[in-house]
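Here are the chains, one letter per residue:
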Amino acid sequence: MSSALLLMLCFLLVSFFGLSCSIEPVSTTFAVAGAIAAVGSYYDQSWCRLRECCDQYSVSTDASNITAFQDVLRSSVYGQHLMQDLVVRALKSHLSSTDPPKALTISFHGSTGCGKSFVSQFIAQSLFVKGMQSNFVRKFVGGIDFPDHSSSMVHLYKLHLQKEIKRIVEKCNRALFIFEDVQTMPPEVLDALNPFIDYHKEVDKVDYRKSIFVLLSNTGAKLINQKALELWSSGKQREDIKLSDFENMIRTGAFNEPGGLQKSGAISHALIDIHVPFLPLEEKHVRMCIRAAFKKYGYDSPPDNLVQEILDDLTFMPEGQELFSSSGCKRVEAKVGSSVHGRAFIKF
């Protein structure tokens, strides 16, 4: 190494790191190595604070975040006590393990508007500083990402899916993958996930066991709604409903119903850790959604007659009983927005 370069390195050591410097060959070699290490460490920390890295600044496994997540679920997702308990316990168990046996794989089932998408997005927000915008979160939508059901395209979809998952997990083993509208996906595409969610320590020299896979579908919704109606008719309180009332039924229905989980190896090989039923929403839950939507517009206490007006514009099932909302809370926010913009309000 030239004397000029050594002097320049010495200057950097003294000026920026307050280190002593000598140009004697042996000590200079160690000083240069130390400087390079210090610069590298400083660069990494600064870079990761500005950009997203797979570290504590961007990815959280803190149990307190899961507690906060649980609090938000209780206050923002209505009528889903089964989901709250199951998802929170699964996340806590998976994130607290330094050597989990497999990737956590959760399947959400239920009618539209019951909170499946909201919960999946909030999992991302709880675990990643950038939430859904994180480079380590990838969302696939059935009808958009996998529109063609021909066998030739299914093969290409599977190859692309495996490459994309590997690419992200190589960057961060705490990656999150969300599959929405699974019922619209071609059967067999999800089988591409099987090597990654199975009990393998490595697949092609990559460890996927700390990753999380969340599947969202309407699969089993009719069965869930029928069972919820039966339990209600028998006098069982909603809060007393247990997972055992639904789990086998959902698994069987998902395996046999047309859609992305039909004849799925993930089900037949028991690779999905939890099948989470989202129960149909009753009138009281939809009222909560309406009030929450008004609150977003700055109206903390909307008049009861206005809440009822919006509620009357929604449809309930089954015919003659009108117990459960046909669309959950999905249409509520749009109706509240139209009401707010179409009227002159005094904020209460």
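Structure: see above.
These numbers come from a predicted model, not from an experiment.

J.: Describe the overall build of the protein, and please don't skip the residues or the numbers.
T.: Looking only at helices and strands, the protein has 14 helices and seven strands in total. Expressed as a percentage of its 348 residues, the buried residues of the protein come to 45%. Taking the contacts inside the protein whose residues are at least 6 apart along the sequence as the reference set, 73% of them involve residues at least 24 apart. Summing over all exposed atoms, the protein offers an accessible surface of approximately 17800 Å²; the carbon and sulfur share of this is 55%.

J.: Kindly report on the pattern of salt bridges, identifying the contributing residues and their values.
T.: Counting across every chain of the model gives 15 salt bridges. With its nearest N and O atoms 3.0 Å apart, the salt bridge here joins E164 to R138. One end of the pair, E164, is in helix α7 (residues 151-171); the other, R138, is in strand β2 (residues 137-141), with 26 residues separating them in the sequence. The class for E164 is buried, based on a relative accessible area of 12%.

J.: Requested: an account of the packing of helix α12 (residues 283-296) against helix α13 (residues 304-312), with residues and values cited.
T.: Where α12 meets α13, the closest approach of the two axes is 10 Å, and the angle between their N-to-C directions is 115°. The handedness of the crossing between α12 and α13 is right-handed. From α12, E283, V286, R287, I290, R291 and F294 reach across to α13, where they touch D304, L306, V307, Q308, I310 and L311. Partitioned by chemical class, the residues of the contact of α12 with α13 number seven nonpolar, one polar and four charged.

Here is what the cut-offs are and how they apply
Residues numbered from 1 in each chain as written. Predicted model: local features only at pLDDT ≥ 70, side-chain atom pairs only at ≥ 80, totals over all residues. Heavy atoms only, no water. Helix = DSSP H or I, 4+ residues; strand = E, 2+ residues; numbered from the N terminus. Buried < 20%, exposed > 50% of the residue type's maximum accessible area, 1.4 Å probe, protein only. Contact = heavy atoms within 4.5 Å. Areas by Shrake-Rupley, 256 points an atom, 1.4 Å probe, with all protein chains shown as cover. Salt bridge = Lys/Arg side-chain N within 4 Å of Asp/Glu carboxyl O. Axes fitted to C-alpha atoms, helices over the stretch in contact; angles between N-to-C directions. Left-handed = near helix turned anticlockwise from the far one by under 90°. Nonpolar A, V, L, I, M, F, W, Y, C, P; charged D, E, K, R; others polar.

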